[in-house]
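# Report on the structure
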Amino acid sequence: MPSTKSDRKLALVTGGTGGLGTAICEKLHDLGFNVIANFYPADEQSAKTWQSEQLKQNRQFEIIGADVSDNESCVQMAKHVSKQGQLTVLINNAGITRDSTLRNMKPHHWQAVINTNLGSMYNVTSQFVDGMIEAGHGRIVNISSINGQRGQFGQTNYSAAKAGVHGFTMALAQELASKGVTVNTISPGFINTDMVLAIPEAQRNQIINSIPVARVGEPADIAHAVAFLINDQSDYITGNDLCVNGGVFMH
Ligand code: CAA
């Protein structure tokens, strides 16, 4: 018998309507999850358009606006999520760039990236940990970046935040290891999204030419890694940082 909406497990994807987020939402939906896609509140109109485009492809998503850099906003988001049921899967995917050399970086560019990309780990995750512990099961996947692993010219803010993401993963993985909840990081390389297309063309071409697998990654490559980590059978895999970068950086 096909599963009904009410007996599906629940997943939340932050930044769910963006480049990577969309592929992750679609994958989770196709795996049988009820998926809530979070979006930045100022982007409500485009999130609604996204939702109706998805419906045309027979994918029904809840959408919820919340600023992941703001704790109170995440408290409100969690209240809404809890009305839908117990959260099984959390994908901390929302992230921004404000690239410049440190010499040119303004305090608000530093703060926005740290608060959104790293502060969100606390703001969002802390809302759902108790519920996962009570349920004795949960999957948390934090999206970091190759640039958090090796640094990137013009990204002191982003590289610092993304490196911090995996520190968060390793610490929380230890706290939750005995509770049936796994916590892992995925570190994408250069993926075909607006964020990467925004890199000046000369640098972008240089980057693409250096990828051993000889192609830019696709959002579906990241969604595939998410599906692996959230699988019930992946319960012995926690605290990892999974590189999905076409061989650009290995560790
Ligand atoms: N290596 C060495 N030198 C570089 C360089 C690099 N990668 N990039 C720029 N430079 C040089 C410039 O040519 C310039 O040289 P001169 O002073 O001799 O002219 C100097 O550095 C400083 O340049 P700017 O004054 O233009 O510096 P800026 O403060 O305005 O910053 C920049 C420019 C942000 C670094 C810009 O070059 C840029 O956007 N670079 C790409 C950054 C990048 O790769 N971001 C990744 C985005 S994708 C992503 O983040 C997703 C993910 O997770 C993978």
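Structure: above.
Note that this is a predicted model, so its numbers are computed, not measured.

Conventions we followed
Residues numbered from 1 in each chain as written. Predicted model: local features only at pLDDT ≥ 70, side-chain atom pairs only at ≥ 80, totals over all residues. Heavy atoms only, no water. Salt bridge = Lys/Arg side-chain N within 4 Å of Asp/Glu carboxyl O. Helix = DSSP H or I, 4+ residues; strand = E, 2+ residues; numbered from the N terminus. Buried < 20%, exposed > 50% of the residue type's maximum accessible area, 1.4 Å probe, protein only. Near = heavy atom within 4 Å. Polar contact = N/O pair within 3.5 Å; in protein donor to acceptor, adjacent residues only side chain to side chain. Areas by Shrake-Rupley, 256 points an atom, 1.4 Å probe, with all protein chains shown as cover. Nonpolar A, V, L, I, M, F, W, Y, C, P; charged D, E, K, R; others polar.

## Points about the pattern of salt bridges
- Under the criterion given, the structure shown has six salt bridges.
- The closest approach of N and O atoms between Lys48 and Glu44, which form a salt bridge, is 3.3 Å. Taken together, the positions of Lys48 and Glu44, both in helix H2 (residues 44–56) and four residues apart, correspond to about one turn of that helix.
- Assessed through its relative accessible area of 38%, Glu44 is described here as partly exposed.
- For the salt bridge of Asp221 with Arg215, the shortest nitrogen-to-oxygen distance reads 2.9 Å.
- Salt bridges here are not isolated pairs; linked through shared partners, they connect Glu26, Asp30 and Arg59.

## Observations concerning the site of the ligand
- Around the ligand there are 19 residues in total, and Thr101, Asn104, Ser145, Tyr158 and Gln203 lie nearest to it.
- At a separation of 3.3 Å, an oxygen atom of the ligand approaches a polar side-chain atom of Gln152.
- The contact in question runs from an oxygen atom of the ligand to an N or O atom on the side chain of Gln203, over 2.7 Å.
- Contact with the protein chains covers 58% of the free accessible surface of the ligand, which is 1100 Å².
- Taken together, the residues of the shell around the ligand sort by class into seven nonpolar, 11 polar and one charged.

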